[in-house]
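Structural features, examined
The lines below spell out each chain.
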Amino acid sequence: MNPQLFLAFLVVAGALACTPGVDWAYSIAAGLRQRSFVPAVAGLCGGYVLHTVLMVAGLAALLAGLPGVLGWLTVAGAAYLLWLGFGTIRSWRGATFGDGAPSTEASRPAESTQFRTFLQGVGTSGINPKGLLFFVALVPQFVSTEAPLPVPVQSGLLGLTFVLLVAVVYTCVALLSRKLLHSRPAAARRVTLASGIIMVALGAVLLSEQLVPLVAGITWH
């Protein structure tokens, strides 16, 4: 792999990972509502691992070349964000750090809650069409056909590098937020509420961008 291209990729991917968005909102909200943010961060990374596998298999480029499929995928992702955001908003009053999660989660076994948080994280990043387009449009720019490693291997390494970057960044974000808000329960609840609002807002924007053209296309045909 070309060292200069790899260094450039680290800079670009690091900048993207450090840009606040729905991933940040989910990892912070999950960390505030539950005992550990690890399942949330692991789930978000799992979604990007899924994107990496799709890219190496060539399926990501295939989906990106089918606007209709990508459009409906965006609608599904928007609906998921709306559902997740409204759920976060409903639980914002229970955001705390003590020994337990909010009352809505208290009756569930810890393992079940953590696994559910992990799966929600996978869904948050895995069904995000912008993540798919990132791997399709950006990663190939840093792959060298002259390198000794095959293109799929280079793509996989770049994808996993991005996964590692987001794991570090999201962990730091979650740790910092918990440290800053640990002694401020009112602020923790407000941050949780804001995180839910961000998810709902992004879901609404994605839905409005895609649903009208898709419905119009169906009506036209």
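As a reminder, the structure under discussion sits directly above these lines.
Here goes a summary of the coordinates provided. (Residues numbered from 1 in each chain as written. Predicted model: local features only at pLDDT ≥ 70, side-chain atom pairs only at ≥ 80, totals over all residues. Heavy atoms only, no water.)

Comments concerning the overall build of the protein chain
Of regular secondary structure, the protein chain possesses 10 helices and zero strands. Beginning at the N terminus, the succession of helices and strands in the protein chain can be written as α-α-α-α-α-α-α-α-α-α. Considering the protein chain as a whole, with its 221 residues, one finds that 42% of them fall into the buried category. At a minimum sequence separation of 6, the contacts of the protein chain that also span at least 24 residues come to 87%. For the protein chain, the computed accessible surface area is about 11,200 Å², with 72% contributed by carbon and sulfur atoms. (Helix = DSSP H or I, 4+ residues; strand = E, 2+ residues; numbered from the N terminus. Buried < 20%, exposed > 50% of the residue type's maximum accessible area, 1.4 Å probe, protein only. Contact = heavy atoms within 4.5 Å. Areas by Shrake-Rupley, 256 points an atom, 1.4 Å probe, with all protein chains shown as cover.)

Focus: helix α1 (residues 3-17)
Relative to the 21 Å expected for 15 residues at 1.5 Å per residue, α1 spans 21 Å between its end C-alpha atoms, a close match to the ideal helical length. Taken together, the buried positions of α1 are Phe 9, Ala 13, Gly 14 and Ala 17. All buried residues of α1 fall inside an arc of 125° around its axis, so they share one side. Turned more than 90 degrees away from the buried face of α1 sit Gln 4, Leu 7 and Val 11, all of them exposed. (Expected span 1.5 Å × (residues − 1). Arc of directions from axis to C-beta.)

Observations regarding the packing of aromatic side chains
In this description, a pair of aromatic rings is defined by centroid distance and the angle of the planes. All chains considered together, the criterion is met by five aromatic pairs. Ring centres of Phe 9 and Phe 142 lie 5.5 Å apart, and the angle between their planes is 70°; on these two criteria the pair is classed as edge-to-face. Residue Phe 9 is found in helix α1, and its partner Phe 142 is found in the loop between α8 (129-137) and α9 (151-181); the two are separated by 133 residues along the sequence. For Phe 142, a relative accessible area of 10% puts it in the buried group. An aromatic cluster of three or more residues is present, and its members are Tyr 48, Phe 135 and Phe 162. (Phe/Tyr/Trp six-rings, centres within 6.5 Å; stacked < 30°, edge-to-face > 60°.)

A word on the nonpolar core
If you look at the biggest cluster of nonpolar residues, it comprises 36 residues, and the most contacted ones within it are Phe 162 and Tyr 170. Counting only elements with at least two residues in this core, the list comes to α1, α2 (22-33), α3 (38-57), α5 (67-90), α8 and α9. (Core = buried A, V, L, I, M, F, W, Y, C linked by side-chain atoms within 4.5 Å.)

So, the side chain of Thr 124
Mapped onto the elements of the fold, Thr 124 is located in helix α7 (residues 110-126). With a relative accessible area of 2%, Thr 124 lands in the buried category. With residues up to four places along the chain from it excluded, the contact list for Thr 124 reads Val 22, Asp 23, Tyr 26, Leu 44, Tyr 80, Leu 81 and Leu 84.

What about the side chain of Ser 27?
The topology assignment puts Ser 27 in helix α2. When its relative accessible area of 0% is taken as the criterion, Ser 27 is described as buried. A polar contact of 3.0 Å, which involves the side chain of Ser 27, links it to the backbone oxygen of Trp 24. When residues no more than four places from it in sequence are discounted, the contact partners of Ser 27 are Phe 37, Ala 40, Val 41 and Leu 44. (Polar contact = N/O pair within 3.5 Å; in protein donor to acceptor, adjacent residues only side chain to side chain.)

Interpretation in functional terms is not warranted from these geometric data alone.
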